[in-house]
Amino acid sequence: MTEIELNGAGEDDGADDIEAVYGKQGAESPPLTDLLEMRRDFAPWHHPVKQIVRFRQWAALTKKLIEARPHGAPRILKYFTLPGADLLDVRTLAGVCEPLGIKIEYFGFNSGTTASAADGEAALIAHAAPWVMAESSLRQAGRITENALILEDRLEDIAEPDSQAAMQLRQRGPFDIVNIDPCDHLAYLPKGRTKNTFDALQALLKHQMGATAPWLLFVTTRVSPDLLGQPGVAFQHAITLNLQLPGSEFGAALAQCISANLARIGGELASAWTTHDERFLKLYSVGLGKFLLQFFHGQPNLPANVELASVFAYRVHSEQPDMLALAFQISPDPRRVFEGQTGGAVSYSTLEPARAVRVAKSAMLLRDIDGLLAANEYARNEAVEGTKALLSAARFDVAKWAEWLATHHRRPMSVG
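Below is a short write-up of the structure.

**As for helix H10 (residues 265-274)**
Ile-265, Glu-268, Leu-269, Ala-272 and Trp-273 are the residues of H10 that are buried. Mapping the buried residues of H10 onto a view down its axis gives an arc of 130 degrees, with all of them on the same face. Turned more than 90 degrees away from the buried face of H10 sit Gly-267 and Thr-274, all of them exposed. Where the residues of H10 are buried, they touch helix H8 (229-243), helix H9 (250-257) and helix H11 (278-297).

**Details of the environment of Leu-216**
With respect to the helices and strands, the residue Leu-216 is situated in strand S5 (residues 215-222). It is 6.4 Å that separates the C-alpha atoms of Leu-216 and Asp-176, two residues lying 40 residues apart in sequence. Among residues more than four places away in sequence, those in contact with Leu-216 are Leu-61, Thr-62, Leu-65, Asp-176, Ile-177, Val-178, Phe-328 and Gln-329.

**A look at the side chain of Arg-91**
With respect to the helices, strands and loops of the structure, Arg-91 is situated in helix H4 (residues 88-97). The class of Arg-91 is buried, set by a relative accessible area of 5%. A polar contact is formed between the side chain of Arg-91 and the backbone oxygen of Asp-86, at a distance of 3.0 Å.

**Considering the environment of Glu-385**
Secondary-structure assignment places Glu-385 in helix H14 (residues 377-393). The exposure class assigned to Glu-385 is partly exposed, which follows from its relative accessible area of 33%. Remark: the alpha-carbon pair of Glu-385 and Gln-51, spanning 334 residues in sequence, is separated by 9.3 Å.

**Quick look at the packing of aromatic side chains**
Overall, the coordinates contain 16 aromatic pairs when judged by the stated rule. Where Trp-58 meets Phe-218, the ring centres are 6.1 Å apart and the plane angle is 20 degrees; that geometry is what we call stacked. Here Trp-58 is found in helix H3 (residues 48-67), whereas its partner Phe-218 is found in strand S5, with 160 residues between them in sequence. In this structure, Trp-58 and Phe-218 share a single accessibility class: buried. Taken together, the aromatic side chains of Phe-198, Phe-235, Trp-273, Phe-280, Tyr-284 and Phe-291 make up a single cluster linked through ring pairs. One Lys or Arg, Lys-290, reaches over the ring of Phe-250 and ends 6.0 Å from the middle of that ring.

**Some details on the pairing of strand S1 (residues 76-81)**
As paired strands, S1 and strand S2 (residues 103-109) are joined by 6 bridges and run parallel to one another. In the strand pairing of S2, Leu-77 is matched with Ile-104. You can see the chain leave S1, run along H4 and come back into S2, and the turn it takes is right-handed. Two elements, S1 and strand S4 (residues 177-180), share 2 bridges in a ladder whose sense is parallel. The partner of Phe-80 across the bridge, within S4, is Val-178.

**A word on the pairing of S2**
Counting buried positions along S2 gives 6 out of 7 residues, so the element sits mostly inside the fold. As judged from the 3 bridges shared by S2 and strand S3 (residues 149-151), these two strands associate in the parallel manner. By the bridge assignment, Phe-107 is partnered in S3 with Leu-149.

**Side note on the sheet that holds S5**
Judged by pairing direction, the sheet is mixed, and its 8 strands sit side by side in the order S3-S2-S1-S4-S5-S7-S6-S8 without closing on themselves. Strand pairing shows two members of the sheet lacking a second neighbour, S3 and strand S8 (367-368), which therefore form its edges.

**Quick notes on H3**
If you check H3, its first and last C-alpha atoms are 27 Å apart, about what 20 residues at 1.5 Å a residue would give, namely 28 Å. Bending of H3 peaks at approximately 25 degrees at the position of Ala-59. In terms of residue burial, H3 counts as a mostly covered element, since 17 of its 20 residues are buried.

**Considerations on the packing of H9 against helix H12 (residues 352-363)**
Remark: H9 packs on H12, axes separated minimally by 9 Å, with the N-to-C direction vectors making an angle of 10 degrees. Between H9 and H12, the angle falls in the class roughly parallel. Of H12, the residues touching H9 (which contributes Phe-250, Ala-253, Leu-254 and Cys-257) are Ala-356, Val-357, Ala-360 and Ala-363. Classifying every residue of the contact of H9 with H12 gives 8 nonpolar, no polar and no charged.

**Description of the layout of surface pockets**
Here the second largest pocket defines a volume of roughly 610 Å³. What lines the second largest pocket is a set of 26 residues, among which Leu-65, Asp-176, Ala-213, Pro-214 and Trp-215 lie closest to the centre. Looking at which element gives the most residues to the lining of the second largest pocket, the answer is H3, with 3 residues. Partitioned by chemical class, the residues of the lining of the second largest pocket number 16 nonpolar, 4 polar and 6 charged.

What counts, and at which threshold
- Residues numbered from 1 in each chain as written.
- Predicted model: local features only at pLDDT ≥ 70, side-chain atom pairs only at ≥ 80, totals over all residues.
- Heavy atoms only, no water.
- Buried < 20%, exposed > 50% of the residue type's maximum accessible area, 1.4 Å probe, protein only.
- Helix = DSSP H or I, 4+ residues; strand = E, 2+ residues; numbered from the N terminus.
- Arc of directions from axis to C-beta.
- Contact = heavy atoms within 4.5 Å.
- Polar contact = N/O pair within 3.5 Å; in protein donor to acceptor, adjacent residues only side chain to side chain.
- Phe/Tyr/Trp six-rings, centres within 6.5 Å; stacked < 30°, edge-to-face > 60°.
- Lys NZ or Arg CZ within 6 Å of the ring centre and 35° of its normal.
- Pairing = 2+ DSSP bridges.
- Right-handed = clockwise from strand over helix to strand, strands pointing away.
- Expected span 1.5 Å × (residues − 1).
- Bend = angle between axes of the 7 residues up to and from the residue.
- Axes fitted to C-alpha atoms, helices over the stretch in contact; angles between N-to-C directions.
- Parallel < 35°, antiparallel > 145°, perpendicular 65-115°, else oblique.
- Nonpolar A, V, L, I, M, F, W, Y, C, P; charged D, E, K, R; others polar.
- 1 Å grid on protein atoms, 1.4 Å probe; cavity = no way out; pocket = protein on both sides within 12 Å on 5 of 7 lines; lining within 4 Å.
- Points joined across faces, edges and corners; volume = space filled by probe spheres on them.

Next comes the structure, spelled out in structure tokens:
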């Protein structure tokens, strides 16, 4: 897989035509504009760096997934999302799906959509208006199905089997895309909850075991050595198990990925897990990929291959890149049927170590997209214009956004 394939469309690809993907700015005129003034509540995901993730990772890989479908496949994209009030991710994917004759049927959670009646009617209207306008404009444009649904529960609630969120999830089949973009780290435990984001991810993996066609998993997560927690333990364990296999080429591939000496791989790994630099980012990417591989290869009847299709890094809270945007394609293997055996012995596939080597090699192609925006004028213009189009459609004040961006505390950027 080439770097162009990993990072999305190239400069000459028609998918990079911003107007073709997003439409002209303001083309989706919200029906409830009288309820909301032009918005100025800008957030980290309104920086153009996030647009590279949306466009070159989410949109590019979604387009490839749809185009690879067999003839006669359903004209619906089933999408699990944590969208935020403005549905920016859904708007982005809809721009890819619409020309291909595909509607999006999304399901997910946004606990930030609620407001208290004690705040008054005006506050309730102002709080709900962005969400209502975003969904209404997409529905009126025919870009989403009537069954698209976002609930006010937390993502982590799906890890509680008896919760409303878990019961609602069970009523739905496997998704074509699962997008976990919580803007925090995988070990995050919300106040008042007993399950963390990593528990929710595992609940979704179990839900997706029923998939029979390739599907995409997008994980955008804050990363730092001091935020590893439970997921870090699982990732380290998954890597260690592979290193212990005799004759495996995984150790050499991992050492090459993080620029380590294979003869001292144990000590090098210990250092890499505790030092926040590019080696740590690559090791985290391999660790999550290895965890996913071992999860699906541990299912005797329902195994699947896991490929790291794309990985980006960028800065939000630190001077070092501290956010990873990872994309995995998960392709179910043919269902296995075993003869009846005394004692229940099961023969497992031996493909996992070889597939793990490919994950390590793909992690070597990690891209720092802050650096990409600084060095590549085409990519910078693509990101800026795409962000403008999304924010304009969501009734943000684009002029004020340009002022906000010019004085950004971490990544200031001047835009015309």
